[in-house]
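# Chains, contacts and geometry: an overview
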Amino acid sequence: MKYSHFLTGRKMVFSLVVAIVSILGGGAMISGQALAEGSASQDKTLSPYFFVKSDDSSVDRLPLKSTSVSVDISGIIADVVVTQVYKNEGKKTIEAVYVFPASTRASVYRMKTTIGERTITAKVLKREEARRTYEQAKKENKTASLLEQERPNVFRMNVANIMPGDVVKTELRYTETIVPTDGLYEFVYPTVVGPRYSNQPSASAPASESWSQNPYLHEGEPAPYSFDIKARVAATVPIREMSCPSHKTTISFQGKSVANMDLDQGEHSGGNRDFILRYRLAGPKIESGLLLYQGHDENFFLLTAEPPKRVTAESIPPREYIFIVDVSGSMSGFPLEISRKLITELLTGLRPTDIFNVMTFSGGSALFSDHSVPATPDNIRSAVTLLRGQNGAGGTELLPALRRALALPETEGFARTVVIATDGYVTVEPAVFDLIGAHLGKANIFPFGIGTAVNRYLIEGMARVGAGEPFVVSRPDEAPAMAEKFREYVNSPVLTQIKLGFNGFQAYDVEPSGVPDMFAERSVAVCGKWKGAPRGTITLTGLSGHRKWEKRIDVSGIKPLSQNSALRYLWARSRVTRLSDYNGLQATEKRANEITALGLQYNLLTAFTSFVAIDEHPRRHDGATVTVKQPLPLPMGVTDSALPGERAAGRAMFSPGPRGYCCSVGALRAKSSAPVYATEIAKKGGSRVEHRRNLVIATLTVTKGLSEEEVRSVVERNLPQLPGCFSGLHAFSRLTLEWTIKKNGEIADVRISSPGALGKDVPGCIGARLKKWSFPAPEEGRSVHVVMTVELN
């Protein structure tokens, strides 16, 4: 169908949506006040929010001063030291809370805290016990630090009782393996956790999920702390090339096989995107072989085997491709530009024998067609036009979209491949893995992480559970190469039906227990335990194309080395990852206990074990400790639309399909953490259409006497009262309110201003409602002046 036909479909569906709203309202249009009252009844969700600067200098709201990273890569093992420096430059004792990311493969095995001349080595305890120990130390005025895992790639650091002038350093160490793909080695150090969308009510959410309720700076604002990273790579053969596509760096060599990388001085505000280090070795060979470690009680091994070269398939069966594209608020702008280019590349590369469908999702979802269509030039052009019309708005309801896509009727004779393009800024990872696992065998899942700081736990986990391959695309110019690599992977897997055998080598507790089909030319990496003498052989077999492939590794003559002690952490982390995957699919107390036991035995950070360090010297301080959540920069390329207050929530989402426009009614639901709406009246094709617009706090300034948190809490609770004063108004987009809080907590001297006309009754209405608000009594009998700007989005 030609694109020109879409517009007619749009008018028809638009009228249908208006009719639905009329019916829901009992035959009458819903007023702005009714919408506001309905919104007020909704629970506040675990959503991130914007950091609001304060004139109160007594509390240091930016306690994290620096993060420095030292990376030492030897062979295929990286050892990483992360040092965070906190300093209290205010006048009140604080507790700092910092949410930060990590590699999904990181085995965190050590932490220590330094206060002045004293250094405390942290111990690993069960999560609940560690939290209780930390809270007790906080009550006893002891400086303490607590490191918890919220997701395998998201950690939370709490540092209690940082007194004015104190400098507290926390140092954590982790190790991970660097396995090459297509001959390319890549080390990634994530620097910032992107704002996670959540529709979970905060009132009923467990405390372990509160990490997503974090403050963020506005787009373009640099990180309020400095970032530095140094890396050293020591290979067994010469290094051919090395680069850092994410940051400006200086590279120097010590001989041919050792290289050092230092961050450029101008990049110390670069903690808003993943740091990516890439290198290749000289010659066709890669780092492979067998590493052994002999401990007091247990012995460990790590095998890396180079795969065969890809064999081009003689005949490629027809395939069905389902493209799922995230068009939520966090994808607005730069990330969506990458997605458009990527999916366009994938669509135009389809063969005439293939069929496809496209789904876009944010608060709801919309399909290009109710069934997959042939990959004809006309259908591909129509799908590309659909993508060009997407702007990025609303929440990130990935789970319902994926459920809908996987439930689409299968087409007989076509192998289904699902491609998902998203930044992954959600908190429902276990439920997503569960859903994909329930459809295992029906489709391969190939997720593409889009942006400069994607949720790699989600992207890698979807690929692992969905028997696919993960991709990360951080720049538009990477899209063509990634699309070509995807086609290569799907059409010609490197190795299938892989089996591992041991002859004379007494291996046990091998991870992974089974090796999945390999789409990329990536080394097979297997770790485990062994007993007896290091002898015998390890055999790896599989099918390369239609031919049998075999590789034998002779264990005899390989000496266990003490410098391979990291193997015990790498094995334990691999076992924890597998158990955690299963526990996400079907949680059991037995698995949770097994993960806990592994964390305690191998001194590892897990979902059930945490690091805690206590300085046993109590500190004297006057007054209560103020808890400060360290604000984070938005990842590079992510706009303010990523946060709920800025998302275009509540809009019906119209997406063109081959038979007209379809509307996702699910998108009408608000996604804001404190959703408040006003109403606009507009004319569309002779019909009266009512739009909801989101009322959000843009700025809030509070003078001494009350904290911003105290004022904001009251404001957010009462804000739903205001839209009733300007129901039907559409000229105003920004409103400034000023008032004084008297010593008894009541409001006086209300002033209202706006760039647009407000109407004669609006100021009086707003003033009357404001004066009913009740605030806490200010400190020392002061009067507090408040200036607040609210906006309609």
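Residues numbered from 1 in each chain as written. Predicted model: local features only at pLDDT ≥ 70, side-chain atom pairs only at ≥ 80, totals over all residues. Heavy atoms only, no water.

## What about the overall build of the protein chain?
What the protein chain contains, in helices and strands, is 13 helices and 40 strands. A buried classification covers 55% of the 793 residues belonging to the protein chain. In the protein chain, the share of contacts with a sequence separation of at least 24, taken over all contacts with a separation of at least 6, comes to 76%. When the accessible surface of the protein chain is split by element, carbon and sulfur atoms take 50% of a total near 32600 Å². (Helix = DSSP H or I, 4+ residues; strand = E, 2+ residues; numbered from the N terminus. Buried < 20%, exposed > 50% of the residue type's maximum accessible area, 1.4 Å probe, protein only. Contact = heavy atoms within 4.5 Å. Areas by Shrake-Rupley, 256 points an atom, 1.4 Å probe, with all protein chains shown as cover.)

## Focus: the pairing of strand β4 (residues 94-101)
Of all eight residues making up β4, eight are buried, and the element is well covered by its neighbours. Side chains I94, A96, Y98 and F100 of β4 all project onto a buried face; the interleaved residues E95, V97, V99 and P101 project onto the opposite face, where all are buried too. Looking at chain direction, β4 and strand β9 (residues 154-162) are connected through seven bridges and run antiparallel. Looking at the pairing, V97 lines up with N158 of β9. Examined bridge by bridge, β4 and strand β33 (residues 626-629) share four bridges and lie parallel to one another. The residue of β33 that forms the bridge with V97 is K629. (Pairing = 2+ DSSP bridges.)

## Examining the packing of aromatic side chains
The final tally for this structure, using the stated rule, is 25 aromatic pairs. Consider the rings of F446 and F486, whose centres lie 5.2 Å apart with planes at 85 degrees: the pair is edge-to-face. Residue F446 is located in strand β25 (residues 444-450), and its partner F486 is located in helix α9 (residues 479-491); the two are separated by 40 residues in the primary sequence. Residue classification places F486 among the buried residues on the basis of a relative accessible area of 3%. Clustering of aromatic rings is evident, with ring pairs tying together Y321, F323, F446, F448, F471, F486, Y489 and F519. Positioned above the aromatic ring of Y508 is the side chain of K531, whose terminal nitrogen or guanidinium carbon lies 5.5 Å from the ring centre. (Phe/Tyr/Trp six-rings, centres within 6.5 Å; stacked < 30°, edge-to-face > 60°. Lys NZ or Arg CZ within 6 Å of the ring centre and 35° of its normal.)

## What about helix α6 (residues 398-406)?
L398, L399, A401, L402, A405 and L406 are the residues of α6 that are buried. Projected down its long axis, α6 shows its buried positions confined to an angular sector of 165 degrees, all on one face. (Arc of directions from axis to C-beta.)

## Digging into the nonpolar core
Core analysis: the largest hydrophobic core is formed by 87 residues, its most contacted members being L147 and F187. The greatest single-element share of this core, amounting to seven residues, is contributed by helix α10 (residues 567-585). Apart from residues lying up to four places away in sequence, L147 is in contact with F100, V108, M111, F155, R156, M157, L172, L605, S610 and F611. Membership of the second largest hydrophobic core comes to 37 residues, among which are V325, I343, F368 and V473. (Core = buried A, V, L, I, M, F, W, Y, C linked by side-chain atoms within 4.5 Å.)

## Here's the deal with unusual backbone geometry
Across the junction of E511 and P512, the peptide omega takes the value -5 degrees, indicating a cis bond. Summarising the element assignment, P512 is placed in the loop between β28 (506-511) and β29 (524-531). Even without being glycine, N141 reaches a positive phi, approximately 60 degrees. As for its position among the elements, N141 is in the loop between α3 (127-139) and β8 (144-151).

## Re the pattern of salt bridges
By the definition in use, this model includes 43 salt bridges. Where R416 meets E320, a salt bridge forms, and the shortest distance between an N and an O atom there is 2.8 Å. With a gap of 96 residues between them, R416 in strand β24 (residues 415-422) and E320 in strand β20 (residues 319-326) connect regions that are remote in the sequence. Judged by relative accessible area, R416 falls into the buried class, the value being 7%. Shared partners join several salt bridges into a network, and the residues in it are E95, R127, R131, E135, K138, E148, E150 and R156. (Salt bridge = Lys/Arg side-chain N within 4 Å of Asp/Glu carboxyl O.)

## Digging into the confidence of the model for the protein chain
Scored by pLDDT, the protein chain comes out at a mean of 82, with 83% of its residues at no less than 70. Considering each helix and strand of the protein chain separately, the mean pLDDT is smallest for helix α1 (residues 6-24), with a value of 30, and largest for strand β7 (residues 123-126), with 98. Contacts from residues 1-43, a stretch scored under 50 in pLDDT, to residues over four places away or in other chains number 60 contacts. (pLDDT = per-residue confidence, 0-100.)

## Comments concerning the sheet that holds strand β16 (residues 258-263)
The strand order across the open sheet built from eight strands is β6-β5-β10-β3-β2-β13-β16-β15, with neighbouring strands paired in mixed fashion. Looking along the sheet, the strands with just one partner apiece sit at the ends: β6 (118-121) and β15 (249-253). Sheet twist, expressed as the mean angle between neighbouring strand axes with direction ignored, is 15 degrees. In this sheet, β16 lies alongside β15 in antiparallel orientation, the contact comprising five bridges. Bridging across to β16, T250 finds its partner in D262. (Axes fitted to C-alpha atoms, helices over the stretch in contact; angles between N-to-C directions.)

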